[in-house]
Each structure stands twice: as C-alpha cells, then as structure tokens.
Amino acid sequence: MDYLNDMALFVEVVKAKGFTNAANNLNMPKSTVSGRISKLERSIGLRLLNRTTRRIELTEAGRLYYQKAHKIVDEARLAHQQLTDMLTMPTGTLRITLPVDFAYEVLAAILPHFHRQYPHIHFEFDLSSRRADLISENFDLSIRLGDLKDSGLIAHKLTELDGGLYASSDYLAQQGEPMYIDELSQHRIIRIQAGYNHEWRLWHSHGEQHTVDVDGCFFANSLGFNLRLALQHLGIAALPNIVVRQAVAEGKLIRILPDWHTKPIPVHAITTTRLLPVKVQVFIQFLKTHLQVR
C-alpha cells in the first residue's frame, strides 16, 4: 500500500508546484520527495512530471493521474477529518461561491444565526454568477439557483423558492390593483431575464397554469435590482417570497393576485464529493432548515 502514500505525495508536489516547496511544506528532504516520485513513476511505468531546473510540468499521463489522485487523497483526508471533528466543535474556513443576489437578499439575513451557533467557522465568499470550477479554485461548495446541468458534481437540494407578484402601495394607488390575471397586460412590468422574456408563466393554487404576455420599461438579470425598482413604485415584479418578506412585513410591497404564483426556483448546494467535512455538513443542514420559506 506504499503507492497510496506516494500518490498523496505526488498530489502535494503538484499543488506546491515543485519539489522544493513540497519538501518545505512537508518538512522532508527534497531528495526524499524526488526519489519517491521517481519510484512512483517506475511502478506505474509512465513519466508523470517533466522536470526542469526551475519548475515541473505535468505530462499527459500526469494530468490524468492527478485528476484521479487528488480526489482519492482529498476523500481520505476528509474521512480522517470527519472522525476528528466528531470530537470537537466544527472549525475551519468555508470557501463558498454563490450568486450576488442570493448573498445579499437571502444569505446575509440568516448568516448571523449560523455564526452564533458555530463561531469557530470562518467564511470566504466569492459573489459571482459565474460557474466556478470547485476543484481548481478550491471551493468547499457552490450555491446555485435554477435548473442544473449534469456536471458530474454532487447536488444537495436546499429548497425551492416560491414566488408571487408584488408592487408598492404607491404604484397600486396610481395605477389600480389588478383583480384578474388578464389585467396584468395593462400594467408596467419589471421583468427578469429568462428564456421566455415576454411571458409570465403563472400557476394557480388549484393547479391551473396561465401564460401572460407582458411588456415593460425595465428588464434586468438581477432579482435584487428588480426588487429595488418595485420599491421605487415603477411597476409589478415577480419575485421569490423570501426576497420580499421584509419589504412586505414593513408594508413597502403588497402581494397582488395572491392565488397565483411563479414557477419555484430550485436552490442547490454543489460539492465535488459526498464525503464532506463537518463544517460543510452543518452549513448545508443549516441552509436546508432556514430556507424553508414559501
């Protein structure tokens, strides 16, 4: 089983981008590190690294081996960490990538509760709508909204965000409140970017589906921005209930046609493995508990 130790050493050399850095990180002689990697290459029968005086480069075989090896090493390390974490309060840093709107409108409101419960877990957030590479960028998890493509990653469903139609009382006082769904076409609409940009697909609480042709002066790909436009009395917006709950509680927005709702938006936490350290497990469970808002 020595090859497993050498596999782990190979992963460390690649991550450290050289024998010298890896030797320093592991407090081992550089000659020992180099010798064990050479032994690993001989046992496999392929060269994994091209060595120069200044750097190392992965061969084609080395790239393939690293893709497989780092997952095995990471899962072994996590298995060990899980047993250790069972004896202690979860600690460490969580690196998370997530959409800006979700961070501002949802996560920021509930994060203090998590911090009080787990004060030794620290966070690094990457707020972006891009699909980050969890492996190469070393993120613990990604939070994604909407339907997922098959990526080979692990999806943990957190919730579905139900939504409705909202407008300010000032807007409704000026334009009148629609009492029937067909009246929406007579109103200013604040639209979110989607595959059906000029349509709203709405579902009645009894199951009936209706498509409404809509238009408007405002069209953006940000839920948070559309919320603020609605608060400025500029029209009717379709928004997740969890995003508007504070504005509704304060009387700043009113739900119209309350029997109708928008298509639920699925929310997932994405990880590279099912074998998760305790700090990730407790955060995912926290999100599942606190996002059950309809």
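Residues numbered from 1 in each chain as written. Predicted model: local features only at pLDDT ≥ 70, side-chain atom pairs only at ≥ 80, totals over all residues. Heavy atoms only, no water.

Quick look at the overall build of the chain
- Each helix and strand counted, the chain has nine helices and 13 strands in total.
- Computed over the C-alpha atoms, the radius of gyration of the chain is 26 Å, more than 25% above the 19 Å expected from 2.2 N^0.38 for a compact globule of 294 residues.
- Taken over the C-alpha atoms alone, the chain extends approximately 80 × 40 × 35 Å along its principal axes.
- Split into buried and exposed, the 294 residues of the chain put 41% on the buried side.
- Residue pairs at least 24 apart in sequence account for 74% of intrachain contacts in the chain once pairs closer than 6 positions are excluded.
- Between the mean site of the 33 positive side-chain charges and the mean site of the 30 negative ones, the chain shows a separation of 11 Å. (Helix = DSSP H or I, 4+ residues; strand = E, 2+ residues; numbered from the N terminus. Rg over C-alpha atoms; globule rule 2.2 N^0.38 Å. Buried < 20%, exposed > 50% of the residue type's maximum accessible area, 1.4 Å probe, protein only. Contact = heavy atoms within 4.5 Å. Lys, Arg positive; Asp, Glu negative; His and termini not counted. Charge placed at Lys NZ, Arg CZ, Asp CG, Glu CD.)

Notes on the environment of Asp-170
- Structurally, Asp-170 is set in helix α6 (residues 169-175).
- Take Asp-170: its relative accessible area is 38%, and that puts it in the partly exposed class.
- When the C-alpha positions of Asp-170 and Gln-232 are compared, they lie 8.9 Å apart, and in sequence the two are 62 residues distant.

Here's the deal with the domain arrangement of the chain
- Each domain of the chain was delimited in the assignment, giving domain 1 (1-87), domain 2 (92-159 + 267-291) and domain 3 (161-264).
- Put simply, the middle of domain 2 and the middle of domain 3, counted by C-alpha atoms, are 28 Å apart.
- For the pair domain 2 and domain 3, the summed buried area comes to about 740 Å², and 57% of that belongs to carbon and sulfur atoms.
- Of all residues in domain 2, Asp-101, Glu-105 and Val-106 bury the most surface against domain 3, accounting for 59% of the area lost on that side.
- If you look at where domain 2 meets domain 3, you find one salt bridge.
- Two residues, Glu-105 and Arg-228, come together in a salt bridge whose shortest N-O distance is 2.8 Å.
- At the junction of domain 2 with domain 3, the criterion picks out four residue pairs in polar contact (both at pLDDT 80 or more).
- The element best represented in the side of domain 2 that touches domain 3 is helix α5 (residues 100-117), accounting for five residues. (Domains from an automatic or database assignment. Buried area = accessible area lost by both parts, 1.4 Å probe. Salt bridge = Lys/Arg side-chain N within 4 Å of Asp/Glu carboxyl O. Polar contact = N/O pair within 3.5 Å; in protein donor to acceptor, adjacent residues only side chain to side chain.)

Things to note about the pairing of strand β13 (residues 260-271)
- Strand direction decides the pairing type here: strand β5 (residues 141-145) and β13, joined by four bridges, are antiparallel. Residue pairing across strands places Leu-145 opposite Val-267, the latter belonging to β13.
- Across eight bridges, strand β6 (residues 154-167) lies against β13 in antiparallel orientation. Of the residues in β13, the one forming a bridge with His-156 is Ala-269.
- Of the pairings in the sheet, the one linking strand β8 (residues 199-204) to β13 comprises three bridges and is antiparallel in character. Residue pairing across strands places Trp-203 opposite His-261, the latter belonging to β13. (Pairing = 2+ DSSP bridges.)

Some remarks on the side chain of Thr-273
- Structurally, the position occupied by Thr-273 is in the loop between β13 and α9 (278-290).
- Polar contacts involving the side chain of Thr-273 include one to the side chain of Glu-75, which spans 2.6 Å.
- For Thr-273, the side chain forms a polar contact with the main-chain nitrogen of Leu-275, separated by 3.1 Å.
- Once residues within four sequence positions are removed from consideration, Thr-273 is found in contact with Glu-75, Leu-78, Ile-154 and His-156.

Brief notes about the side chain of Ser-142
- With respect to the helices and strands, the residue Ser-142 is situated in strand β5.
- Looking at Ser-142, the relative accessible area reads 4%, which means it is buried.
- For Ser-142, the side chain forms a polar contact with the main-chain oxygen of Thr-97, separated by 3.5 Å.
- Not counting the four nearest positions on each side in its chain, Ser-142 is found in contact with Thr-97, Leu-134, His-268, Ala-269 and Ile-270.

Quick word on the nonpolar core
- Core analysis: the biggest nonpolar cluster contains 40 residues, and Phe-102, Leu-107, Phe-114, Leu-141, Phe-283, Leu-287 and Leu-291 have the highest contact counts within it.
- Discounting residues that sit within four places of it in the chain, Phe-114 has contacts with Ile-121, Phe-123, Val-282, Phe-283 and Phe-286. (Core = buried A, V, L, I, M, F, W, Y, C linked by side-chain atoms within 4.5 Å.)

What about the pairing of β8?
- The alternating pattern of β8 places Trp-200, Leu-202 and His-204 on a buried face and Glu-199, Arg-201 and Trp-203 on a face that is not buried.
- With five bridges connecting them, β8 and strand β9 (residues 209-213) associate as antiparallel partners. Across the sheet, residue Arg-201 finds its bridge partner in β9, namely Thr-211.
- Between β8 and β9, which pair antiparallel one after the other, the connecting turn spans four residues, and Gly-207 there sits at a positive phi close to 105°.

Details of the pattern of salt bridges
- One pass over the full model with this rule turns up twelve salt bridges.
- Across the pair Arg-95 and Glu-124 runs a salt bridge, and its minimum N-O distance is 2.9 Å. Of this pair, Arg-95 sits in strand β3 (residues 92-98) while Glu-124 sits in strand β4 (residues 121-127), and the two are 29 residues apart along the sequence.
- For Arg-130, the salt bridge goes to Glu-137, with nearest N and O atoms at 2.7 Å.

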